[in-house]
Amino acid sequence: QADRGFWQGAAVLTAMVSAAYLLPTETGASALVSTCQKFRAIGLNKEHVPDEVLMNDYFRRNALAGYNVLLASPAFYFLWHLTHNAGFSTSLVRSITGSVRIVPFLTVLYGGCAVTLPMMTGALMARGQKYEEAQSNATAGLMLSGVAMLEALVELRG
């Protein structure tokens, strides 16, 4: 299905890959520093979540999670369509189009997690929890709030 969702996903994926490969490293570093400053401006305490932790535990980890889902999606969609009697060639095409269709939703979903989780962790640390406990509780709280179901719906979109 090369519908509107496919073309939107292709545009977002092209923009992200182009930015990753064409922008100078200094521009990416500057964007990360600017993003950390925005988190500080909205109230995330640097003592609770230092910049390095913010970049590695939240930005990088969520970007990699989205990337891993995107890499696994073709196999999922291929097997889904193959088991539903779509035929080999149709399953192959739908494995690609389905994966591309979910790119905008994965971007919003994992981007939202990268924003929400450090804020929740900081709030729990302000209440006296240690970092590891606060991070674990924030993640569990976010997953139980419906994010896991939302991710399943994103996969069904493809």
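Residues numbered from 1 in each chain as written. Predicted model: local features only at pLDDT ≥ 70, side-chain atom pairs only at ≥ 80, totals over all residues. Heavy atoms only, no water.

*Asks:* Can you explain the overall build of the protein chain? Please cite residues and give values.
*Replies:* A count of helices and strands for the protein chain gives six helices and zero strands. Listing the helices and strands of the protein chain from first to last along the sequence gives α-α-α-α-α-α. The principal-axis extents of the C-alpha atoms in the protein chain amount to approximately 55 × 40 × 20 Å. Considering the protein chain as a whole, with its 158 residues, one finds that 31% of them fall into the buried category. A separation of at least 24 residues holds for 68% of the contacts in the protein chain among residues at least 6 apart in sequence. Counting every atom, the protein chain has about 9,700 Å² of accessible surface; 66% of that belongs to carbon and sulfur. In the protein chain, 11 positive and 10 negative side-chain charges are present, and the distance between their average locations comes to 7 Å. (Helix = DSSP H or I, 4+ residues; strand = E, 2+ residues; numbered from the N terminus. Buried < 20%, exposed > 50% of the residue type's maximum accessible area, 1.4 Å probe, protein only. Contact = heavy atoms within 4.5 Å. Areas by Shrake-Rupley, 256 points an atom, 1.4 Å probe, with all protein chains shown as cover. Lys, Arg positive; Asp, Glu negative; His and termini not counted. Charge placed at Lys NZ, Arg CZ, Asp CG, Glu CD.)

*Asks:* Which residues make up the environment of T116, and what values go with them?
*Replies:* With respect to the element layout, T116 can be found in helix α5 (residues 103-126). Considered as a pair, T116 and A138 are 22 residues apart in the sequence and their alpha carbons are 8.8 Å apart. One polar contact links the side chain of T116 to the main-chain carbonyl oxygen of G112, over a distance of 2.8 Å. (Polar contact = N/O pair within 3.5 Å; in protein donor to acceptor, adjacent residues only side chain to side chain.)

*Asks:* Explain the packing of helix α2 (residues 25-41) against helix α3 (residues 51-83) to me, using residue names and the numbers behind them.
*Replies:* Contact geometry of α2 with α3 gives a least axis separation of 10 Å together with a crossing angle of 105°. By the angle between their axes, α2 is roughly perpendicular relative to α3. Taking contact as the criterion, the partners of L32, T35, C36, F39 and R40 in α2 are, on α3, D51, L54, M55 and F59. Broken down by class, the residue content of the contact of α2 with α3 amounts to six nonpolar, one polar and two charged. (Axes fitted to C-alpha atoms, helices over the stretch in contact; angles between N-to-C directions. Parallel < 35°, antiparallel > 145°, perpendicular 65-115°, else oblique. Nonpolar A, V, L, I, M, F, W, Y, C, P; charged D, E, K, R; others polar.)

*Asks:* For the pattern of salt bridges, give the residues involved together with the corresponding values.
*Replies:* Under the defined criterion, the tally for this structure stands at four salt bridges. The residue R40 makes a salt bridge to D51 at a minimum N-O spacing of 2.6 Å. You can see R40 sitting in helix α2 and its partner D51 sitting in helix α3, a full eleven residues away along the chain. For D51, a relative accessible area of 22% gives the class partly exposed. Note that K46 is salt-bridged to D51, the shortest N-O span being 3.5 Å. Within the structure, one salt-bridge network assembled from shared partners comprises R40, K46 and D51. (Salt bridge = Lys/Arg side-chain N within 4 Å of Asp/Glu carboxyl O.)

*Asks:* Pulling in residues and values, what's your account of a nonpolar patch on the surface?
*Replies:* Taken together, the side chains of L79, L82, F88 and L92 make up a nonpolar region of the molecular surface, amounting to roughly 380 Å² of accessible area. When residues of the nonpolar patch are traced back to their parent elements, those giving at least two are α3 and α4 (88-101). Locating F88 in the fold gives a position in helix α4. Accessibility expressed as a relative area gives 55% for F88, which makes it exposed. (Patch = residues over 30% accessible without salt bridge, like charges linked within 9 Å, V, L, I, M, F, W, Y side chains within 5 Å.)

*Asks:* Break down α2 for me, citing the residues and quoting the values.
*Replies:* For α2, with 17 residues, the first-to-last C-alpha span of 24 Å sits near the 24 Å given by 1.5 Å per residue. Just beyond α2, the residue with positive phi is G43, at close to 115°. (Expected span 1.5 Å × (residues − 1).)

*Asks:* Before we move on, could you go through helix α6 (residues 131-157) and cite the residues and values that matter?
*Replies:* At L144, α6 is deflected by roughly 65°, the largest bend along its length. Turning to α6, its buried residues number three or more, namely Y131, A134, Q135, A138, L142, V147, V154 and E155. Buried residues along α6 sit in contact with α3 and α5. (Bend = angle between axes of the 7 residues up to and from the residue.)

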